[in-house]
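Observations on chain architecture
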There are 2 protein chains.
Amino acid sequence: MAVYTDVSDGALRAFLSLYDIGDLTAYRGIAEGVENSNFVLRTTGGDFILTLYERRVDPADLPWFLGLMGCLSDHGLSCPRPVVARDGQALRTLAGRPAAITTFLPGVWPREVRVAHCAPVGAALAALHMAGQGFGAERANALGPDAWPGLVAACRADGDSVQPGLMAELDAALAEILPAWPARDDLPRGQIHADLFPDNVFFLDGAVSGIIDFYFACTDLLAYDIAICLNAWCFDADGTFDAARGRALIAGYESVRPLTDAERRALPVLAAGAATRFLLTRLYDWVNTPAGAMVTRKDPLDYLKRLRFHRAARNMASYGL
Amino acid sequence: MAVYTDVSDGALRAFLSLYDIGDLTAYRGIAEGVENSNFVLRTTGGDFILTLYERRVDPADLPWFLGLMGCLSDHGLSCPRPVVARDGQALRTLAGRPAAITTFLPGVWPREVRVAHCAPVGAALAALHMAGQGFGAERANALGPDAWPGLVAACRADGDSVQPGLMAELDAALAEILPAWPARDDLPRGQIHADLFPDNVFFLDGAVSGIIDFYFACTDLLAYDIAICLNAWCFDADGTFDAARGRALIAGYESVRPLTDAERRALPVLAAGAATRFLLTRLYDWVNTPAGAMVTRKDPLDYLKRLRFHRAARNMASYGL
């Protein structure tokens, strides 16, 4: 939960006067998301989300993120659409922070993932990948394989305090994963979400009604996004892989875009890499966040069990796929 | 900001199935309020607030609070109206907490108080007092004068660490205020809000559109509620009394319910008592909340300057009223 920056009603009214979206009737800070300050705005013109960009988001990346969201929305994906002011600009400054207004999406994110969620998520992910073909600008994945050795180094001093032997296990995993990582021309590339966890997917009546939070999006292997979703959606609370969810996710994806044979072969190493990425960033936050700080730390060890599962997998059959 | 308890979408849908307010289309935790967990609910029937009652609210008091809100709403006050389920009950259990749904109120609370806010607030407070005459059940003020010596005792060990000499000054203030406190039959009594700070009053187009957060409400001297508002609305950020705001607040109040002479005479001691109450509860939280806990501590010394001002006041003229 987080609202790092409050916005005075006077400053907000002045800000809204630059737009043609009606007069302010209500706004409330949202207690979700750990990266930015988000507010639900209600105006006489409808409902919107106001985001003030805080830590971790590089202001230089914001035009790319907002451009991608606009393009995906243009191509029919249900995602937040940046709202431009009368001067044509969506990215502005409010309360000393970069700020943007986007459309409000209905729906509820699933606190408990069921098999029935996974096919719609897979199909929505593929639709995102297809819609992303309309957006030509590239953004490198700042948390891709090139970044992992540096994260391991930054965690080395304190990482084993989380679990003895953890750093040696991560060294071994990287020694295995990095040489096996597909080259950028081996697999289809494009715009990926890169953080499509359940709290970023809204459902309504069993269908995906919205995909949010594009602030880790980047240009990378499309199948890596599937690998992230396998980690995020297809494991039980105790860290056991649920093959029924995995099958539904892949089938949903392939109902929109069939995987190539090379992508299928690469999925185990991509999934191991995705588990490593979330393990490492959570571990980094864990050892660098003071206990009691106003941010909820996520347990890095949730991803160690996933990593072990993926490293033991030989091929898609190991997933029951 | 606070959402202490998240609610799963499955549990929320089951809960909503007990009501006739439509199907869930969205819900978001609100990053406001430090006492309870609040969510904005959107259903096909409209917008609502879901509250899960957490710390500081005694479950035994909830029927009184909800009953008062229902009565005030019946009498035309714009306040959250408890929504009853099909069984006629508004107070239920969700996620292991007492929980209730209330109506959503439009409007925005003023981050920067101006003179123009004060007459509408005064009038709304008087309207609340008049509407409260329709609610006969009494609730004692758990944070009234009887509670202050105990709070002083609980702060004695650590209070001077906040400011040297603070506890001696509080002892002197109580020795002056408590003997001068009006007896319960000396002044008009009734239902008071007892926490009508700016973040509990929504405005729309310059008028009060809603009063929220009745979880300190109780049965006490009506003029004590005015004294609380003088403290909450009529001092500058540096703690200097703004007579123009005070005049507007009182004039607004008296446009609905004129004060008696006894109430006017009592206002300085009531205002000193109100400053003492907020100073003491903030001080108690300050010395009992670990630094870095997930609650924003409010500076108790904001109220020391107010207390000194009120103790120096002889009568309403000292306020420029």
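Owing to the predicted nature of the structure, the values given are computational and were not obtained by experimental measurement. Residue numbers here run from 1 along each chain, matching the order of that chain's written sequence. The order in which chains are written sets their letters, starting at A; the order in which ligands are written sets their numbers, starting at 1. Under the rules for a predicted model, residues below a pLDDT of 70 receive no local features and side-chain atom pairs below 80 are neither given nor counted, while totals for whole chains, interfaces and linings still include all residues. The side-chain figures draw on all heavy atoms in the structure; neither hydrogens nor water molecules are used.

1. Some points on the overall build of chain A
Numbering of helices and strands runs from the N terminus, with a helix taken as a DSSP run of H or I at least four residues long and a strand as a DSSP run of E at least two residues long. A tally of helices and strands in chain A yields nine helices and nine strands. Taken over C-alpha atoms, the radius of gyration comes to 20 Å for chain A, in line with the 20 Å a tight globule of 321 residues would show. Each residue is placed in one exposure class: buried if its accessible area under a 1.4 Å probe, protein chains only, is under 20% of its type's maximum, exposed if it is over 50%, and partly exposed if it falls in between. When each of the 321 residues of chain A is scored for burial, the buried share is 56%. In what follows, residue pairs with any heavy atoms lying within 4.5 Å of each other are defined as contacts. In chain A, the share of contacts with a sequence separation of at least 24, taken over all contacts with a separation of at least 6, comes to 72%. Counted as positive: Lys and Arg. Counted as negative: Asp and Glu, with His and the chain ends omitted from the count. A charge is said to be at NZ when it belongs to Lys, at CZ for Arg, at CG for Asp and at CD for Glu. Taken as two groups, the 29 positive and 37 negative side-chain charges of chain A have centres that lie 2 Å from each other. The globule rule used for comparison is 2.2 Å times the number of residues to the exponent 0.38, while the radius of gyration itself is calculated over C-alpha atoms.

2. Observations concerning the domain arrangement of chain A
Residue and element names in this part refer to chain A. Where each domain begins and ends follows an automated or database-derived domain assignment. Domains assigned within chain A are domain 1 (9-103) and domain 2 (115-319). Averaged C-alpha coordinates put domain 1 and domain 2 at centres separated by 27 Å. In this complex, domain 1 contributes 21 residues to the contact, which on the side of domain 2 involves 23 residues. We define buried area as the total accessible area lost by two parts upon association, computed with a 1.4 Å probe and summed across both. Between domain 1 and domain 2, a total of about 1,900 Å² is buried, with carbon and sulfur atoms accounting for 71% of that surface.

3. A few points about the relation of the copies chain A and chain B
Both copies of the chain are tied together by a single rotation about an axis and a shift running along it. With an RMSD of 0.0 Å, the fit of chain A onto chain B corresponds to turning through 180° and sliding 0.1 Å along the axis. Taken together, the rotation and translation relating the two chain copies correspond to the operation of a two-fold axis. Our superposition of the copies is a least-squares fit, built on the C-alpha atoms of residues whose pLDDT is at least 70 in both.

4. Quick notes on the sheet that holds strand β3 (residues 46-52) of chain B
All names here are of chain B. Being paired, for any two strands, means DSSP has found at least two bridges between them. Strand order in the open sheet formed by five strands is β1-β2-β3-β5-β4, and the pairing between neighbours is antiparallel. Only two strands of the sheet have a single neighbouring strand rather than two, namely β1 (24-29) and β4 (92-94). Within this sheet the neighbouring strands show an average axis-to-axis angle of 35°, counted without direction. As a rule, the C-alpha atoms of each element are fitted with a line to give its axis, helices using only the stretch in contact, and angles between N-to-C directions run from 0 to 180 degrees.

5. Some details on the side chain of B:E169
Residue and element names in this part refer to chain B. Looking at where E169 falls in the secondary structure, it is placed in helix α5 (residues 166-180). Between N or O atoms, a polar contact is any pair within 3.5 Å; within protein, one atom must be a potential hydrogen donor and the other a potential acceptor, and residues adjacent in sequence are included only when both atoms are from side chains. Among the polar contacts listed, one links the side chain of E169 to the side chain of R308, at a separation of 2.6 Å. In this structure E169 touches L304, R308 and R311, once residues within four positions along its chain are discounted.

6. Some remarks on helix α4 (residues 148-159) of chain A
Multiplying 1.5 Å by the residue count of a helix minus one yields the expected span of that helix. In this model α4(A) runs just 14 Å from its N-terminal to its C-terminal C-alpha over twelve residues, more than 12% under the 16 Å that 1.5 Å per residue would give. Its buried side turned inward, α4(A) meets α5 (166-180), α6 (222-233) and α8 (261-288) of chain A.

7. A few points about the packing of aromatic side chains
Between two aromatic rings, the relevant description is the distance of the centres plus the angle of the planes. Only centres within 6.5 Å qualify two rings of Phe, Tyr or Trp (six-membered ring in Trp) as a pair; their planes then separate them into stacked at under 30 degrees, edge-to-face at over 60, and tilted for everything else. Per the stated rule, a full pass over the model turns up 34 aromatic pairs over all chains. When the ring of A:W64 is compared with that of A:F65, the centres are 5.8 Å apart and the planes differ by 75°; the resulting orientation is edge-to-face. By relative accessible area, A:W64 is classed as buried at 10%. Measuring from ring centre to ring centre gives 5.5 Å for B:F65 and B:Y215, while their planes differ by 85°; the resulting arrangement is edge-to-face. One end of the pair, B:F65, is in helix α2 (residues 62-74); the other, B:Y215, is in the loop between β8 (207-211) and β9 (218-221), with 150 residues separating them in the sequence. A single burial state applies to B:F65 and to B:Y215, both of which are buried. Joined through ring pairs, the aromatic side chains of A:Y53, A:W64, A:F65, A:F135 and A:Y215 make up one cluster. Placement of a charge over a ring requires the Lys NZ or Arg CZ to be within 6 Å of the ring centre, with the centre-to-atom vector within 35 degrees of the ring normal. In this structure, B:R111 is placed above the aromatic ring of B:W109, and the distance from its NZ or CZ to the ring centre is 3.8 Å.

8. Concerning the interface of chain A and chain B
The interface of chain A with chain B comprises 36 residues on the first partner and 36 residues on the second. The rule for a salt bridge is simple: a side-chain nitrogen of Lys or Arg has to be within 4 Å of a carboxyl oxygen of Asp or Glu. Inspection of the region where chain A meets chain B yields four salt bridges. Going through the elements one at a time, α1 (9-16), β1 (24-29), β2 (37-43), β3 (46-52) and β7 (201-204) of chain A are the ones with two or more residues in the side of chain A that touches chain B. It is β1(A) that provides the largest number of residues to the side of chain A that touches chain B, a total of six residues. Throughout this entry, Asp, Glu, Lys and Arg are counted as charged residues, while Ala, Val, Leu, Ile, Met, Phe, Trp, Tyr, Cys and Pro are counted as nonpolar. The remaining residues, Gly among them, count as polar. The residue inventory of the side of chain A that touches chain B, partitioned by class, reads 21 nonpolar, six polar and nine charged.

9. A short note on the packing of α6(A) against α8(A)
All names here are of chain A. As a packed pair, α6 and α8 sit with axes 8 Å apart at the nearest point and diverge in direction by 60°. The angle between the axes of α6 and α8 places the two elements in the oblique class. Helix-helix and strand crossings are classified by hand; for α6 and α8 the assignment is right-handed. Only E263, L267, L270, A271, G273, A274, A275, R277 and F278 of α8 make contact with α6, whose side of the interface consists of L222, A223, Y224, I226, A227, I228, L230 and N231. Between 65 and 115 degrees an angle is taken as roughly perpendicular, under 35 as roughly parallel, over 145 as roughly antiparallel, and anywhere else as oblique. What makes a crossing left-handed is the near helix being turned counterclockwise from the far one by less than a right angle; a clockwise turn instead makes it right-handed.

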